[in-house]
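Below, each chain spelled out in residue letters.
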Amino acid sequence: MQENSAAAPAASPRLYYGWIIVGLSFFSIAFHSTSRFSFSLFQVPLIGEFGWARGALGGAYALNMAVYALANPIAGSLMDRYGPRKVMPWGSVLIGLGLAASWFIGSLWQVYLLTGVFMGMGSALSGFALHSAQVPRWFRRKRGLATGIVLSGIGVGGLFLSPAIERMIALLSWRHAYLFYGLFVLVVLAPLNILLLRNRPEEVGQAVDGLPPKEGAAPAEGAAPAEAGAAHGRLGLLDVFSLLRRDRRFFAIIFMSFTAGLHMNMIFSQLSLFLVDQGYTLGAAAIVLGTIGFMRMIGSIALGSVSDRLGRNRTLALSYALASVGVVILLIIPRLGAGTLAGYLFGVVYGFGSGGSASTASAMAADLFGKRSFGSVMGTLEICFGMGGVVAPPLAGFVFDYTRSYDIPFAIILGAMLVAIVIAFFLRVPRPGSESPAR
C-alpha cells in the first residue's frame, strides 16, 4: 500500500497560479495602455482650452514614447535580475501619479512632464514588454493563448475605459477624468500588483503549464539567474545585441516592432482629432476607439491561439494584412462624406488585425529568444516600438498643421505595414513552443 502510494504520480493543481498572473496582467495592461492611448481624447479639450498646436501636443506624446523606449531595456534587465514582483508595481505607481497630477495642468511643460516622463517611465516598468516577458515564465504549451489573453487587456481598455473617460470629460471635466483615473490606478491597481504578483511557478509550489512540480525540473523560461541559474540572466542592452546579432530574424522582428510603434501610436494619438475633423462628435470618436478595443481583445485571443496551430509567421502576416486594410479604410473616410459607418468598420478591421499582430509577435519572440534573458530581449524590442511612437505623433501633427490633412502620414504607415507583411510571411521560425538555437 505504501509503495503504491509513493509511486502514484503527483496530481496537477486545481488552480494553476499562472492564470491568476494572466488575469492580473490583463487587468493591469488595460489601465496602463489606456493611460497612453486616451491622450487622443484629452487632446480635444486641451486644444480647446489652451489653444495649443497639434504638433506641440504630439511632442508630449513623442516624449512619452521616447522615455518608454529608453527605459524599457533597463526595466527588462531589472525584471530579469529581481523578478516581476519587485519591478512591475512601480509602473502602476508612476502612471497613477502622472494621471492624478494632471488635474493641475496649466502649461504645456506640465503635459510634457506628466504625460511624457511620469507615464512613459511607468509604462516601461509595467507595459507591453514586461507583461509579455512574464508569460514564458508560466506557460510553454499554451503560450500563444496566454499571451493573447494578457494583451487583449489593451483592447478591453479601449472598449470600456475610452468611452468612460469621454463621458467623464463631457459630464464633469477633463481634470476630473484625469484625477479619478489616476486615483483608481494608485488605490486599486498598485496594491493588487503588490499583493498578487509572483516571480515564477516554483514560488507557489507549481511548475510551468500547471504540471505537478518535479524534483530537478527545468526552470521557467526567462527566470533570472538568482532564481533559475540561467547562464545569461543579467544581460544589458549591448549584451543582448552581441548575443543575437548573428540571427537575422532578430532584426526582422526589430523592424516589425518599429512598424507597430509607428502605426499604433500615430493612429491612437491622432484618431479622435481626425474623426472630429470629419464631423464625428467626441462621443462617436470614443465609440470608434472602443470598437478598436473590443476587436483588439478578440483578435489578440483568437489569432494568438491560431498562431499556436497555424504558425507564428503566417498568422502575423495575416494580422498585418487585416490591419493594413483598416488603414486603407481610414484613408478613404474623408472622401465618403457624412456618416459614421466607415469609422466603425475601420475600428473592427484594424482592431482585430492589430490585436492579433501584438500577441503573435510577442509569442514569436518568446519562441525564438525566450531562453535568453527574455525581459532584456523584450525591452530591446520595445526600444524600436517606442522609436516608432517617437516619430509618429509629431510627424502626423506637424504634417497636418502644414497640409490640413492626414493623407501623407497614413500613407507612410500603410507602406511600412505592407513591408512587414512580406517580412513576416517569409520569416523562418520554429514550431510554437519549440526551442530555437542561436544562429
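Up top you'll find the structure we're talking about.
Sequence order as written defines the numbering, with residues in each chain counted from 1. This being a predicted model, a pLDDT of at least 70 is required before a residue's local features are given, and a value of 80 or more before pairs of side-chain atoms are given or counted; all residues contribute to the totals for chains, interfaces and linings. Processing note: side-chain calculations cover all non-hydrogen atoms of the structure and skip hydrogens and water entirely.

(A) Highlighting a nonpolar patch on the surface. Residues Leu171, Leu172, Phe180, Leu183 and Val187 make up a contiguous nonpolar surface patch of about 500 Å² in total accessible area. Numbering of helices and strands runs from the N terminus; a helix is a DSSP stretch of H or I covering at least four residues, while a strand is a stretch of E covering at least two. Broken down by element, the nonpolar patch gets its largest block of residues, 3 residues, from helix α9 (residues 174-196). Only protein chains enter the area calculation, which uses a 1.4 Å probe; residues under 20% of their type maximum are buried, those over 50% are exposed, and those in between are partly exposed. Here Val187 falls in the exposed class, since its relative accessible area comes to 59%. Without a salt bridge and with relative accessible area above 30%, a residue can belong to a patch; like charges are then joined within 9 Å and nonpolar side chains (Val, Leu, Ile, Met, Phe, Trp, Tyr) within 5 Å. The accessible surface values rely on the Shrake-Rupley method and a 1.4 Å probe; as for residues, cover is taken only from the protein chains in view. Salt-bridge detection follows one rule: a side-chain nitrogen of Lys or Arg within 4 Å of a carboxyl oxygen of Asp or Glu.

(B) Region of interest: the packing of helix α2 (residues 17-37) against α9. Helix axes are fitted to C-alpha atoms over the stretch in contact, other axes to C-alpha atoms as well, and angles between N-to-C directions run from 0 to 180 degrees. Contact pair α2 / α9: the axes reach a minimum separation of 11 Å and the direction vectors enclose 160°. It follows from the interaxial angle that α2 and α9 lie roughly antiparallel. In the packing of α2 onto α9, the handedness of the crossing is left-handed. In this structure, α2 contributes Tyr17, Ile21, Leu24, Phe27, Ser28, Phe31, His32, Thr34 and Ser35 to the contact, and α9 contributes Tyr181, Phe184, Val185, Leu189, Leu192, Asn193 and Leu196. Each residue receives one of three labels: charged for Asp, Glu, Lys and Arg, nonpolar for Ala, Val, Leu, Ile, Met, Phe, Trp, Tyr, Cys and Pro, and polar for the others, Gly being one of them. In terms of residue class, the contact of α2 with α9 is made up of 11 nonpolar, 5 polar and no charged. Geometric relationships in this document are graded by angle, where less than 35 degrees denotes roughly parallel, more than 145 denotes roughly antiparallel, 65 to 115 denotes roughly perpendicular, and other angles denote oblique. Less than a right angle of anticlockwise turn of the near helix away from the far helix marks a crossing as left-handed, whereas a clockwise turn marks it as right-handed. When checking whether two residues touch, look at their non-hydrogen atoms; a contact exists if any pair is within 4.5 Å.

(C) View of the pattern of salt bridges. Counting across every chain of the model gives 5 salt bridges. Residues Glu202 and Arg200 are paired through a salt bridge, measuring 3.9 Å at the closest nitrogen-oxygen approach. On the basis of relative accessibility, which here comes to 35%, the residue Glu202 falls in the partly exposed class. A salt bridge links Arg335 to Asp407; the shortest N-O distance between them is 2.5 Å. Note that Arg335 is positioned in the loop between α14 (312-332) and α15 (341-369) and Asp407 in helix α17 (residues 407-426), a separation of 72 residues in sequence. On the basis of relative accessibility, which here comes to 54%, the residue Arg335 falls in the exposed class. Among the charged side chains, a network of salt bridges with common partners joins Arg200, Glu202 and Glu203.

(D) Fine view of unusual backbone geometry. Despite not being glycine, Arg404 has its phi angle at roughly 60°, a positive value. If you trace the backbone, Arg404 turns up in the loop between α16 (374-403) and α17. The exposure class of Arg404 is exposed, given its relative accessible area of 57%.

(E) Geometry of the nonpolar core. In this description, a nonpolar core means a group of buried Ala, Val, Leu, Ile, Met, Phe, Trp, Tyr and Cys residues linked to one another through side-chain atoms lying within 4.5 Å. By size, the foremost hydrophobic cluster in this structure holds 109 residues, and its most contacted members are Leu271 and Phe346. Top contributing element to this core by residue count: helix α12 (residues 248-277), with 15 residues. Beyond its immediate sequence surroundings of up to four residues, Leu271 is in contact with Ser40, Val288, Leu289, Ile292, Leu330 and Phe346.

(F) Highlighting the environment of Leu318. Residue position: Leu318 is located in helix α14. With a relative accessible area of 40%, Leu318 lands in the partly exposed category. Expressed as a C-alpha distance, the spacing of Leu318 and Ser357, which sit 39 residues apart in the sequence, is 8.3 Å.

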